Amino acid sequence: MTLHFSIEYRTEWGQSVEVELCFLSAEGKTHWQRILLETEDGLIWKGLCTLRARGRQFRYTYIITQETAVSRREWDVVPRLFPADDARTYFFVDHWRDVPEASYCYTDAFKVANGLGRMPSASVALFPRTFLFRIQAPWLEQGEKIALIGDQPALGNWDVERALPMIQSDYGEWLLSISGDGLRLPFQYKYIKVRKDYSVFWEEGPNRLSPSADQLSLAGGRWVVALSDGEIRLDAPRWKVAGLVVPLFSLRSEGSQGVGDFGDLKEMADWTAMAGMHAIQLLPICDTTQDRSSTDSYPYNAISVHALHPIYADLRQMPLSDKKKLASFQKKWQKLNDLQALDYVEVIKLKESYLHLLYEEQGEGVRQSANYRVFADENAEWLQPYCVFCHLRDTYGTPQFAKWKKLSSYNRSAVTKYIDSHSEEVGYYAFVQYLLHLQLSEAAEYARARRVFLKGDLPIGISPCSVEAWHEPHLFNMDMVAGAPPDDFSRTGQNWASPRTIGNGWRLTAISGGSRGLVEWRSISVPTGLTTFSVSSAFGRFPRTVRMPCWDSSRLHFP
């Protein structure tokens, strides 16, 4: 098949425009290829290539390179996707796609709050000679549609009653294919929005203009001219969403075990939906277990930025098969639940005792299941170091890994051997994380069904006694910690005891010594079910963040 690319992009000195082409096979395999475009004036970039299809579909996006390095790439949330056909010639007349004004419409939060599920991908029929139109209109109300109208009989002759209805292909994208045999080039056209009552809204701005015959050099054979026109030129409505912010441990219900848990999130979702709201924002729910004292209740001192806290396990969903032991535990957790305030020490003691018994009863069967193996494989990058860290913490009675007799410094091969020789003991911590993963996922799906999404709190800071400090020490300056200067809250300032990242402060780009940025690396394994995240706990303090020597005793400490 032959591909012609054309895009208008004003480059700077030393920049080039390339096309990143990806073939998609029916088996899910991908094949990538880059095509360098050429220009005569530094504004219009063109390219032509002839190649064999290496899949059933292909997609492409434009990138800007400088000395072979990618300096910029297009917004590609909604891909340009086409059927791969060796017998066709494709002409792509494109505009650079920046992040659209209505980018919020493509977020999972927007879709959940508006009850929009993912639409099945649809396709349009291609004629021997086809003009294919694409437009983005993601914010339409239910029943509204997009149509195309133009200056020729095949395009309706500007008569709205003869406008050509478009097909919604994927979320927010509308497609239309028409035969090129009845069109004279160039032609003018516009997109219109049609409401349920058939009232029509024309897009703003001048008429759109197709390329001329000279620009396309159309000949015989089978060809497709693809006109990707970006967003429709209509004002997008401003989206506002109401919700609530609450610590999960505060959502204690009558059936809880002394603290709010993932099961209680379902009741909170019901209440949120009943109140006409769509968001539940939680404080961090990462594991903070260091010495199982009350100081572990501080949610911003996580020992892992990935692992969920065992205290949020809903024991009601995991009954023991031993009825006598189950009844005994139920009496204990009822007493804890009747207390006026959370007894953190006793609650975590009860839950961990219960989970250990559950592991003895059901651990082997769960670990042999296909779903568990998928979870373990997909999360191995953080799960394996976390499980070994927890076992060594409990073996030596301290999270201060410098005091451990074994593996005080992380070593991948040694950790692998440790897992092999302590598979039963280490497996407990993975078993608990799997159960927590299932419960949070179930609560999130329950909430989504009620048009409520869960918003997490991205943990930027780490504890000096954490898996990350042990596993990825090259990302942090362990001798310096973050804090705040003196203010009305503390005359001596604050010591947050969170090691500073190496590099230019708390930047989100790649950190020296790592192939990925700290925040990017963490976002790979964010808990399933959390639709969006707040970073206010970190960025809100950036303007006044200072660094200080580790454990500066002259400052107010957190925790």
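How each quantity is defined
Positions within a chain are numbered from 1, following the residues in the order the chain's sequence is written. Per-residue local features of the predicted model are confined to residues with pLDDT of at least 70, and side-chain atom pairs are confined, for both listing and counting, to 80 or more; whole-chain, interface and lining totals are unaffected and use all residues. Excluded from the side-chain calculations are hydrogens and water; all other atoms, namely the structure's heavy atoms, are used. Per the convention used, a helix needs a DSSP run of H or I reaching at least four residues, while a strand needs a run of E reaching at least two, with both numbered from the N terminus. By this rule, a helix spans an expected 1.5 Å times one less than how many residues it contains. With a 1.4 Å probe rolled over the protein chains alone, any residue whose accessible area is under 20% of its type maximum counts as buried; one over 50% counts as exposed, and the rest are partly exposed. Working note: the arc is built from the helix axis to C-beta atom directions. Whether two residues touch is decided by their heavy atoms; if any such pair falls within 4.5 Å, the residues are in contact. Salt-bridge detection follows one rule: a side-chain nitrogen of Lys or Arg within 4 Å of a carboxyl oxygen of Asp or Glu. Any two strands with at least two DSSP-identified bridges between them are counted as paired. Only residues whose relative accessible area exceeds 30% and that form no salt bridge enter a patch; like-charged residues are grouped when within 9 Å of one another, and nonpolar side chains (Val, Leu, Ile, Met, Phe, Trp, Tyr) when within 5 Å. Note that accessible areas follow from Shrake-Rupley with a 1.4 Å probe, and for residues the cover is restricted to the protein chains shown. When charges are counted, Lys and Arg contribute as positive and Asp and Glu as negative, whereas His and the chain ends are disregarded. Pairs of N or O atoms are called polar contacts if they sit within 3.5 Å, as long as, within protein, a hydrogen donor faces a hydrogen acceptor (for residues adjacent in sequence, only side-chain-to-side-chain pairs). The nonpolar core is taken to be a set of buried Ala, Val, Leu, Ile, Met, Phe, Trp, Tyr and Cys residues, with the residues joined through side-chain atoms within 4.5 Å.

S.K.: I keep staring at helix H4 (residues 323–337) and nothing clicks. Help me out?
M.R.: Note on helix geometry: an α-helix contains 3.6 residues per turn, so any two residues three or four positions apart are oriented the same way. Helix length check: H4 (15 residues) gives 21 Å between terminal C-alpha atoms against 21 Å at 1.5 Å per residue, within 8%. Regarding H4, the residues found buried are Leu-326, Phe-329, Trp-333, Leu-336 and Asn-337. Down the axis of H4, the smallest arc covering the buried residues is 90 degrees, so these residues share one side. Set apart from the buried face of H4 by more than 90 degrees, the exposed residues are Lys-324, Lys-331 and Lys-335. Turning to H4, the residues buried within the fold contact helix H5 (344–368).

S.K.: I would appreciate a short explanation of the pattern of salt bridges in the present structure.
M.R.: The final tally for this structure, using the stated rule, is 26 salt bridges. Residues Asp-94 and Arg-80 are paired through a salt bridge, measuring 3.6 Å at the closest nitrogen-oxygen approach. With Asp-94 in strand S9 (residues 88–95) and Arg-80 in strand S8 (residues 80–83), this pair connects stretches of sequence that are 14 residues apart. Arg-208 is the partner of Asp-229 in a salt bridge, and the nearest nitrogen-oxygen pair spans 3.9 Å. Remark: Arg-208 occurs in strand S17 (residues 208–209) and Asp-229 occurs in strand S18 (residues 222–231); sequence separation between them is 21 residues. Taking the relative accessible area as the measure of exposure, Arg-208 reaches 9% and is therefore buried. One salt-bridge network, held together by shared partners, links Asp-261, Asp-264, Asp-314 and Arg-316.

S.K.: Where do I start with the sheet that holds strand S10 (residues 129–136) in this structure?
M.R.: Adjacent strands of a sheet pair through backbone hydrogen bonds, lying either parallel or antiparallel. With mixed pairing, 8 strands are arranged side by side in an open sheet as S4-S5-S1-S9-S18-S10-S14-S13. Each edge of the open sheet is held by one strand with a lone partner, namely strand S4 (38–39) and strand S13 (167–170). Sheet analysis places S13 next to strand S14 (residues 173–179), joined by 3 bridges and oriented antiparallel. Among the inter-strand pairings, Gln-168 is bridged to a residue of S14, identified as Trp-174.

S.K.: For this particular structure, what's the right way to read a nonpolar patch on the surface?
M.R.: Side chains of Val-160, Val-200 and Trp-202 sit close together on the surface and give an oily, nonpolar patch of about 220 Å² of accessible area. Of note, Trp-202 is situated in strand S16 (residues 200–202). When its relative accessible area of 36% is taken as the criterion, Trp-202 is described as partly exposed.

S.K.: Explain the side chain of Asp-287 to me, please; I cannot follow it from the model alone.
M.R.: Mapping Asp-287 onto the fold places it in the loop between strand S20 (279–282) and H4. Within the buried set, Asp-287 has no salt-bridge partner at all; the shortest N-O distance to an opposite charge, 4.5 Å, is to Arg-393. Separated by 2.7 Å, the side chains of Asp-287 and Thr-289 make a polar contact. Discounting chain neighbours no more than four positions away, the residues touching Asp-287 are Ala-302, Ile-303, Ser-304, Ala-307, Leu-308, His-309, Pro-310 and Tyr-386.

S.K.: What is the right way to look at the nonpolar core in this model?
M.R.: Buried together is how nonpolar side chains tend to be arranged in soluble globular proteins. Counting residues in hydrophobic clusters, the biggest one holds 75 residues, and the most contacted among them are Phe-262, Leu-265, Ile-280, Ile-285, Tyr-386, Val-388 and Trp-470. When residues of this core are assigned to their parent elements, the largest contribution, 13 residues, is made by helix H9 (residues 423–449). Sequence-distant contacts of Ile-285, defined by excluding residues within four places in its chain, comprise Leu-248, Phe-262, Ala-307, Leu-308, His-309, Tyr-312, Leu-440 and Leu-530. If you look at the next biggest cluster of nonpolar residues, it comprises 32 residues, including Cys-105, Tyr-106, Leu-155 and Leu-176.

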